[in-house]
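Okay, here's what each chain looks like letter by letter:
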Amino acid sequence: NAGVTQTPKFQVLKTGQSMTLQCAQDMNHNSMYWYRQDPGMGLRLIYYSASEGTTDKGEVPNGYNVSRLNKREFSLRLESAAPSQTSVYFCASRESLELNYGYTFGSGTRLTVV
Amino acid sequence: AQKITQTQPGMFVQEKEAVTLDCTYDTSDPSYGLFWYKQPSSGEMIFLIYQGSYDQQNATEGRYSLNFQKARKSANLVISASQLGDSAMYFCAMSSPGGGTSYGKLTFGQGTILTVHP
């Protein structure tokens, strides 16, 4: 059981380049989330998808777009990368919106924009 | 809006001793959940323990326990008998009821780096 799979694990981009971070879960979860992790700031929500076909902005959506391709896949796109987007990106899914259900996280993507 | 505050950027503990990592929260929701996650240097996020806002007893999972003080809005993690492998970043997080603008998201604190000395 793979859980949540993120690709790539590492990426270096030049300012202005674009790329898509891929995320797939095989647990039949409805809700999926993208976070970024920066030193001293914890994890901040970029976008989320409550169910297939829906997406909504989180706390820090500027500079990002998302696609919920199907129930399994939720991708994050940087159209024109900026150094401020250097971060570690986590995808997560949640089995249920009941309070006692936490996230299953992917292993993260370490992105550097130079 | 929900907020989680972890005021200890770093903590040190001697191996085999107990350590408490602080977490305070703020929410207007009557129902909520509190989580602790561990992030070792390898980067993955590992679930440790959960406490529901209506749970009467403090949660325990092996060497981890959650000191839940609802009136003070605190949810401190206690690690007993620390081990070298406990050295990691620890995050406190809160879940909100589904629906509305906070649809099922978890809100995270800034994290505390724990270092266990031999």
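The following paragraphs examine the structure supplied in this document.

Thresholds applied
Throughout, a residue's number is its position along its own chain's written sequence, starting from 1. Written order decides the labels, with chains lettered from A and ligands numbered from 1. Two thresholds apply to this predicted model, a pLDDT of at least 70 for residue-level local features and 80 or more for giving and counting side-chain atom pairs, whereas whole-chain, interface and lining totals are computed over all residues. As a rule here, side-chain values come from all non-hydrogen atoms in the structure, and water together with hydrogens is ignored. Numbering of helices and strands starts at the N terminus; helices are DSSP runs of H or I of at least 4 residues and strands are runs of E of at least 2. Burial classes: relative accessible area under 20% of the type maximum marks a residue as buried, over 50% as exposed, and values in between as partly exposed (1.4 Å probe, protein chains only). Contacts were defined at the residue level, with two residues in contact if any of their heavy atoms lie within 4.5 Å. Polar contacts here mean pairs of N or O atoms no more than 3.5 Å apart (in protein, one a potential hydrogen donor and the other a potential acceptor; neighbouring residues in sequence count only if both atoms are side-chain atoms). Any cysteine sulfur atom paired with another within 2.5 Å is treated as part of a disulfide. Take the buried Ala, Val, Leu, Ile, Met, Phe, Trp, Tyr and Cys residues and link them wherever side-chain atoms come within 4.5 Å; each set so joined is a nonpolar core.

**Things to note about unusual backbone geometry**
With the exception of glycine, the majority of residues adopt a negative phi angle, and the majority of peptide bonds are in the trans configuration.
Here's step 1: Along the chain, A:T7 connects to A:P8 via a cis peptide bond; the corresponding omega equals -10°.
Here's step 2: In this structure, A:P8 sits in the loop between β1 (4–7) and β2 (10–13).
Here's step 3: Residue B:K73 is not a glycine yet carries a positive backbone phi of 55°.
Here's step 4: Mapped onto the elements, B:K73 comes out in the loop between β8 (64–69) and β9 (74–79).

**Some thoughts on the environment of B:K70**
Residues and elements named next belong to chain B.
Here's step 1: Along the chain, K70 turns up in the loop between β8 and β9.
Here's step 2: For K70, a relative accessible area of 37% corresponds to the partly exposed category.
Here's step 3: K70 sits 54 residues away from K16 along the chain, and the two C-alpha atoms are 29 Å apart.
Here's step 4: Aside from chain neighbours lying at most four places away, what touches K70 is Y25, Y32, S53 and Y54.
Here's step 5: Polar contacts involving the side chain of K70 include one to the main-chain carbonyl oxygen of S53, which spans 2.9 Å.

**Here's the deal with the state of the cysteines**
Working definition of a disulfide: a covalent bond connecting the sulfur atoms of two cysteines.
Here's step 1: Scanning the entire structure with this criterion turns up two disulfides over all chains.
Here's step 2: Each disulfide pairs two cysteine sulfurs, and for A:C23 the partner residue is A:C91, the sulfurs being separated by 1.9 Å. When the S-S torsion is -70°, as for the bridge of A:C23 with A:C91, the disulfide is left-handed. Here A:C23 is found in strand β3 (residues 19–25), whereas its partner A:C91 is found in strand β9 (residues 87–94), with 68 residues between them in sequence.
Here's step 3: Under the relative-accessibility criterion, A:C91 is labelled buried at 0%.
Here's step 4: Between the sulfur of B:C23 and that of B:C92 lies a disulfide, 2.0 Å long from S to S.

**Describing the nonpolar core**
Residues and elements named next belong to chain B.
Here's step 1: Counting 24 residues, the largest nonpolar core has Y25, L34, W36, I49, L77, Y90 and L114 as the members making the most contacts within it.
Here's step 2: Secondary-structure elements contributing two or more residues to this core are β3 (19–21), β5 (33–39), β6 (46–52), β8, β9, β10 (88–95) and β12 (112–117).
Here's step 3: In terms of residues, this core owes the most to one element, β10, which gives four residues.
Here's step 4: If sequence neighbours within four positions are ignored, L114 has contacts with M11, V13, V19, L21, I79, D86, S87, A88 and Y90.
Here's step 5: Membership of the second largest hydrophobic core comes to 20 residues, among which are Y50, M89, L106 and F108.

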